[in-house]
Amino acid sequence: MPARDRRLPAHLARPLTATDVSACLGPLMDHVTDLRFLTGHDSGTLVLSAAWTAPAPRTYGRGVHPDAVGFRIDVHPVDAAARAATRAQLRAHALPQLRAWIEQALTADETWRLGDHRHHWRLSGGRLTHRDED
């Protein structure tokens, strides 16, 4: 996926590529069910998101399809002028943190794995922060 995509407004760009994510995660990509490059106009300070989709049923009598169980990664568009700086931050800090989060999730106990979980990375004022949002 190119950093600049025609589906994005001219003032937005993608801070990461599929190659960036794959290179960092390596064999852990086998557990990623969906890598999405969002086209929304404003994600605010959100630059990267990861979610674990659990095999547990969401409603009575209806489960989650086995192909949907795993990790979803969303790359949010950023201001085109800040793309290079954002990319550097994400590659140096967020992608290794994403790798560690996935590794921890894969070794987590059954209680954790049976619930849905989300982790977000935000960039504000040049400072990258991350946290779970369960």
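It should be noted that the structure appears before, not after, this text.
So, here is what we can say about the structure in this document. What you see is a predicted model, and the numbers here were worked out from it, not measured in a lab.

## A short note on the overall build of the protein
Here's step 1: Broken down by element type, the protein carries three helices and seven strands.
Here's step 2: The helix and strand sequence of the protein, counted from the amino end, reads β-α-β-β-β-β-α-α-β-β.
Here's step 3: Within the protein, the fraction of its 134 residues that count as buried is 38%.
Here's step 4: Excluding contacts between residues fewer than 6 apart, the proportion of contacts in the protein whose partners are at least 24 apart in sequence is 69%.
Here's step 5: With the model as given, the accessible surface of the protein reaches about 7600 Å², and the carbon-plus-sulfur share is 51%.

## Remarks on the sheet that holds strand β2 (residues 32–37)
Here's step 1: Judged by pairing direction, the sheet is mixed, and its five strands sit side by side in the order β2-β4-β3-β6-β7 without closing on themselves. Two strands close off the open sheet at either side, each with one partner strand: β2 and β7 (127–132). Going across the sheet, the axis of each strand differs from the next one's by a mean of 10 degrees, ignoring polarity.
Here's step 2: Strand contacts of helix α1 (residues 18–25): β2 and β4 (70–75), with the helix running at about 145 degrees to β2, the strand carrying the most contacts.

## Topic: the pairing of β4
Regular strands have side chains that alternate between both faces of the sheet.
Here's step 1: Burial of β4 is extensive: five of the six residues sit out of reach of the surface.
Here's step 2: Looking at chain direction, β2 and β4 are connected through five bridges and run parallel. In the strand pairing of β4, D34 is matched with R72.
Here's step 3: Pairing of strand β3 (residues 46–53) with β4 involves six bridges; the strand directions are antiparallel. By the bridge assignment for β4, T53 is matched with G70.

## Points about the environment of G115
Here's step 1: In this fold, G115 is placed in the loop between α3 (110–113) and β6 (117–124).
Here's step 2: In this structure, the C-alpha to C-alpha distance between G115 and P55, residues 60 residues apart in sequence, is 8.0 Å.
Here's step 3: Each residue touching G115, except ones within four places of it in the same chain, is listed here: W52 and A54.

## Some thoughts on the packing of α1 against helix α2 (residues 83–106)
Here's step 1: Axis separation between α1 and α2 bottoms out at 9 Å; the angle between their running directions is 45 degrees. Put simply, α1 runs oblique to α2. Read as a crossing pair, α1 and α2 show a hand that is right-handed. Between α1 and α2, the residues in contact are D20, V21, C24 and L25 and R87, R91, L95, P96, L98, R99 and I102, respectively.
Here's step 2: Here the residues of the contact of α1 with α2 sort into seven nonpolar, no polar and four charged.

Criteria and cut-off values
- Residues numbered from 1 in each chain as written.
- Predicted model: local features only at pLDDT ≥ 70, side-chain atom pairs only at ≥ 80, totals over all residues.
- Heavy atoms only, no water.
- Helix = DSSP H or I, 4+ residues; strand = E, 2+ residues; numbered from the N terminus.
- Buried < 20%, exposed > 50% of the residue type's maximum accessible area, 1.4 Å probe, protein only.
- Contact = heavy atoms within 4.5 Å.
- Areas by Shrake-Rupley, 256 points an atom, 1.4 Å probe, with all protein chains shown as cover.
- Pairing = 2+ DSSP bridges.
- Axes fitted to C-alpha atoms, helices over the stretch in contact; angles between N-to-C directions.
- Parallel < 35°, antiparallel > 145°, perpendicular 65-115°, else oblique.
- Left-handed = near helix turned anticlockwise from the far one by under 90°.
- Nonpolar A, V, L, I, M, F, W, Y, C, P; charged D, E, K, R; others polar.

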